[in-house]
Amino acid sequence: MDFNASDPRTGHPVTGPRTEDHLPHTAQAAVKIVIVGGFGVGKTTMVGAVSEIRPLTTEETMTQAGIGVDDNFGSDTKTATTVAMDFGRISITDQLVLYLFGTPGQERFWFLWNGLFEGALGAVVLLDTRRLEVSFDVIGRLEERGVPFVVAVNSFPDAPRYPLDDLRTALDLPPEVPIVECDARRRASSRDVLMTLMHFLHKLTTARQTV
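Residues numbered from 1 in each chain as written. Predicted model: local features only at pLDDT ≥ 70, side-chain atom pairs only at ≥ 80, totals over all residues. Heavy atoms only, no water.

What follows concerns the packing of helix H1 (residues 43–50) against helix H5 (residues 187–210). Two numbers describe how H1 lies on H5: the axes approach to 8 Å, and their chain directions differ by 100 degrees. With respect to their mutual orientation, H1 and H5 come out roughly perpendicular. Taken together, the residues of H5 that come into contact with H1 (itself represented by Met46, Ala49 and Val50) are Arg187, Ser190, Arg191, Val193 and Leu194. Among the residues making up the contact of H1 with H5, the classes are represented as five nonpolar, one polar and two charged. (Axes fitted to C-alpha atoms, helices over the stretch in contact; angles between N-to-C directions. Helix = DSSP H or I, 4+ residues; strand = E, 2+ residues; numbered from the N terminus. Parallel < 35°, antiparallel > 145°, perpendicular 65-115°, else oblique. Contact = heavy atoms within 4.5 Å. Nonpolar A, V, L, I, M, F, W, Y, C, P; charged D, E, K, R; others polar.)

Written as structure tokens, this is what we have:
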């Protein structure tokens with residue numbers, strides 16, 4: 001299988017770094033963040049919306065062969081799916097840069113997650129309230145590996161809305177794990193999710209230092 005590295009904003013193949021893709025000379029620290037979730041929850045969309053560089057995607061066209069094998073929820077409008085990873089970058093400050101890795105959502109590609117989790121400081125779990133059940137295994141994998149995470153509820157237009165406290169209970173989330181609403185299509189909203197994760201990681205680090 002050939003992977004297509006393309007710019008999701010234009011659909012054109014990636015041909016090389018642009019001047020604006022270069023790492024700022026002021027950057028002093030780089031952090032790896034993983035964006036995880038089930039099929040079609042908006043991981044590629046979030047990376048593309050928030051990345052300050054041209055995002056790298058590895059999407060393949062969905063075919064009839066995936067029926068009965070993959071979770072094809074929403075495939076009536078979705079024509080491609082990530083088969084390796086999405087990659088983007090965002091500068092939180094002049095000194096701090098986040099490298100974003102979006103995982104594939106189809107369960108048969110979850111074996112790739114182990115490599116993507118290596119070196120990750122934290123994760124964002126994207127949630128679709130129409131399919132809460134697909135998040136259970138995702139959260140379980142992060143907990144098993146000890147990767148700190150926040151949960152972001154992606155606001156799909158036709159998705160049911162629930163109080164965040166009810167979602168916390170349904171997902172059996174500890175009280176300290178942040179859960180927020182977002183619109184993965186919007187840069188500001190996606191950036192707020194990443195800032196929530198960074199504040200959470202800082203809180204965890206401070207708590208360890210005071211023990």
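Overall, the prediction assigns the protein chain a mean pLDDT of 80, with 70% of residues at 70 or greater. Every residue in residues 62–70 is under pLDDT 50, and counting partners more than four places away or in other chains gives 12 contacts. (pLDDT = per-residue confidence, 0-100.)

This part is about H5. Along its 24 residues, H5 runs 35 Å from first to last C-alpha, staying within 8% of the 34 Å computed at 1.5 Å per residue. Inspection of H5 places Ser189, Ser190, Val193, Leu194, Leu197, Met198, Phe200 and Leu201 among the buried residues, and these make up the whole buried set. (Expected span 1.5 Å × (residues − 1). Buried < 20%, exposed > 50% of the residue type's maximum accessible area, 1.4 Å probe, protein only.)

Right, let's talk about the pattern of salt bridges for a bit. Enumeration according to the criterion identifies eight salt bridges in this entry. In this structure, arginine 130 and aspartate 128 form a salt bridge, with 2.9 Å as the shortest nitrogen-oxygen distance. Residue aspartate 128 is classed as buried on the basis of its relative accessible area, which comes to 1%. Across the salt bridge formed by aspartate 158 and arginine 130, the nearest N and O atoms sit 2.9 Å from each other. Highlighted residues: aspartate 158 in the loop between strand E8 (149–154) and helix H4 (164–171) and arginine 130 in the loop between strand E7 (122–127) and helix H3 (134–145), separated in sequence by 28 residues. Relative accessible area serves as the criterion here: at 26%, arginine 130 is assigned to the partly exposed category. When salt bridges with common partners are traced through the structure, they connect Asp128, Arg130, Arg131 and Asp158 into a single cluster. (Salt bridge = Lys/Arg side-chain N within 4 Å of Asp/Glu carboxyl O.)

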